[in-house]
Amino acid sequence: MFRNQLERLAHPAFLGVYAALLLIFSQIDERRTFLLVLPAIAAVAFVAWMLSLKRLLAIGGTPTSRIASAAQGYVELVGRALPHPAGALRSRYSLLPCVWYQYSVEQREEDGKWHRIESGRSDESFLLDDGTGLCLIDPENAEVLPRRTEVSTKEQDYRCTESLILTGEQVYAIGEFSTIGGENADLNLDRDVSELLSTWKHNKPALLASFDLDKDGQISEKEWMLARSQARREVRKTHNEIRTQPGTHMLHQPRDGRLFLISNVDAENLKLRYTLWAWLHLVMLIGAIAGTTFFAMK
């Protein structure tokens, strides 16, 4: 939870905090108040600058991969968003076909202020198609930066804000790429042989029928060696069949804490946005440090 709140410092919505602080400062006359608040602003601006810089470096420093040839690990993908094979997703209020949504519902109180009464976001997986293959995108714990946000009012007392990534839109995604099954399948020959032999042991009539060569009702050491050899051949055949099948590609949250971002804003515009945000946070940081120094020496 704390991490999610911290990540919001790199979000454009946080820039409104600076505007509010500047408005408040214009009403302050006490030097001591400035000396307390300005260092706090400097600390917040420093963290926000670092987070924006982290995103800028990740987006600018990670080349776009193609799904069919992407290496296992941290990658950047661009493609068309498609619904999950299990079924299409619809947005919470507008009911538009989409692959991701986020919403909040506010109610107007008697004093005219809006109070949030409900909010949420979808975490259902969706597909990304870049023309070379399909990748399953798992948006759980992702930082999602949507281009589209709609605000609608119902009966004058309820207001809904809904952000969407629509089906068919081009989506940018950066995160941990892994392939389940196929040539990257995690297979263990010895383990699977042991499991197969254990299964055979539980079906003694079938085991005796297949490997009791002298028909004495027992499996001798030699006959058991034959059973093990047969089990290894069957497991190897199954493994080969699994590895020749196409695997399922997935993009999910990196385990090392690196940026996991999904957006229907293209990479160039994302880099431009984070560049501007990083500069603004840096200007606020320098201004807060200069202001602290000025009032401390005054």
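Residues numbered from 1 in each chain as written. Predicted model: local features only at pLDDT ≥ 70, side-chain atom pairs only at ≥ 80, totals over all residues. Heavy atoms only, no water.

**So, the nonpolar core**
Here is the rule we go by: Take the buried Ala, Val, Leu, Ile, Met, Phe, Trp, Tyr and Cys residues and link them wherever side-chain atoms come within 4.5 Å; each set so joined is a nonpolar core. Burial classification: accessible surface area is computed with a 1.4 Å probe over protein chains only, and a residue below 20% of its type maximum counts as buried, one above 50% as exposed, and the rest as partly exposed. Runs of H or I in DSSP of at least four residues are treated as helices and runs of E of at least two as strands, each being numbered from the N terminus. A contact between two residues is defined here by any heavy atoms of the two lying within 4.5 Å.
Judged by nonpolar contacts, the single largest core of 20 residues is most densely connected at Leu-77, Cys-135, Ile-137, Ile-165, Phe-177, Leu-251 and Ile-262. Of all elements in the fold, only strand S1 (73-82), strand S3 (97-108), strand S5 (126-129), strand S6 (134-137) and strand S10 (170-180) reach the threshold of two or more residues within this core. Not counting residues up to four positions away in its chain, the partners in contact with Leu-251 are Val-75, Leu-77, Cys-135, Leu-136, Ile-137, Asp-138, Ala-173, Ile-174, Gly-175, Glu-176, Phe-177 and Phe-260. In this structure, Leu-56, Ile-174, Leu-270 and Tyr-274 belong to the second largest nonpolar core, which totals 13 residues.

**Concerning the side chain of Thr-179**
Rule in force here: Any pair of nitrogen or oxygen atoms within 3.5 Å is treated as a polar contact; in protein, a donor-acceptor pairing is required on top of that, and neighbouring residues in sequence qualify only through side-chain atoms on both sides.
You can see Thr-179 is positioned in strand S10. Given the relative accessible area of 10%, Thr-179 is considered buried. Within the structure, the side chain of Thr-179 is placed 2.8 Å from the side chain of His-249, a separation counted as a polar contact.

**Some remarks on the pattern of salt bridges**
As a reminder, the rule being used: For this analysis, a salt bridge means a side-chain nitrogen from Lys or Arg found within 4 Å of a carboxyl oxygen belonging to Asp or Glu.
Enumeration according to the criterion identifies 10 salt bridges in this entry. Measuring nitrogen to oxygen at the nearest pair gives 3.0 Å for the salt bridge that ties Glu-118 to Arg-92. Residue Glu-118 is found in strand S4 (residues 114-121), and its partner Arg-92 is found in the loop between strand S2 (89-90) and S3; the two are separated by 26 residues along the sequence. Relative accessible area serves as the criterion here: at 28%, Glu-118 is assigned to the partly exposed category. In this structure, the salt-bridge partner of Arg-232 is Asp-190, at a minimum N-O distance of 3.3 Å. Of the two residues, Arg-232 is situated in helix H6 (residues 221-244) and Asp-190 in helix H4 (residues 189-201); the sequence distance between them amounts to 42 residues. Taken together, the shared-partner salt bridges in this structure form one network comprising Arg-147, Arg-148 and Glu-169.

**What about the environment of Asp-123?**
If you trace the backbone, Asp-123 turns up in the loop between S4 and S5. A relative accessible area of 37% places Asp-123 in the partly exposed class. For the pair Asp-123 and Gln-102, spaced 21 residues apart in sequence, the C-alpha to C-alpha distance is 9.6 Å. Contacts of Asp-123, omitting those with residues within four sequence positions, involve Asp-138, Pro-139 and Glu-140.

**A look at the packing of aromatic side chains**
The line we're drawing: Pairing of aromatic rings covers Phe, Tyr and Trp, the last counted by its six-membered ring, and requires centre-to-centre distances within 6.5 Å; plane angles under 30 degrees mean stacked, over 60 mean edge-to-face, and any other angle means tilted. Either the NZ atom of lysine or the CZ atom of arginine qualifies as a charge over a ring when it sits within 6 Å of the ring centre and within 35 degrees of the ring normal.
Overall, the coordinates contain five aromatic pairs when judged by the stated rule. Arranged with centres 6.2 Å apart and planes meeting at 40 degrees, the rings of Tyr-101 and Tyr-103 form a pair that is tilted. With relative accessibility at 13%, the residue Tyr-101 sits in the buried group. Ring pairs connect the aromatic residues Tyr-93, Tyr-101 and Tyr-103, which therefore count as one cluster. A cation over a ring is seen here: Arg-92 above Tyr-103, with NZ or CZ 5.3 Å from the ring centre.

**Some thoughts on the pairing of S5**
Quick note on the threshold: Following DSSP output, two strands are said to pair if at least two bridges run between them.
Strand direction decides the pairing type here: S1 and S5, joined by three bridges, are antiparallel. Within S5, the residue paired with Arg-80 across the bridge is Asp-129. By the bridge criterion, four bridges tie S5 to S6 in an arrangement that is antiparallel. The residue of S6 that forms the bridge with Leu-128 is Cys-135.

**Re the confidence of the model for the protein chain**
Any region with low pLDDT has predicted coordinates that should not be read closely. Selection rule: Scored between 0 and 100, pLDDT is the confidence that the predictor attaches to each residue.
Summing up the model confidence of the protein chain, the mean pLDDT is 84 and the portion of residues at 70 or higher is 85%. The model gives residues 1-9 a pLDDT under 50, and that stretch makes 16 contacts with residues more than four places away or in other chains.

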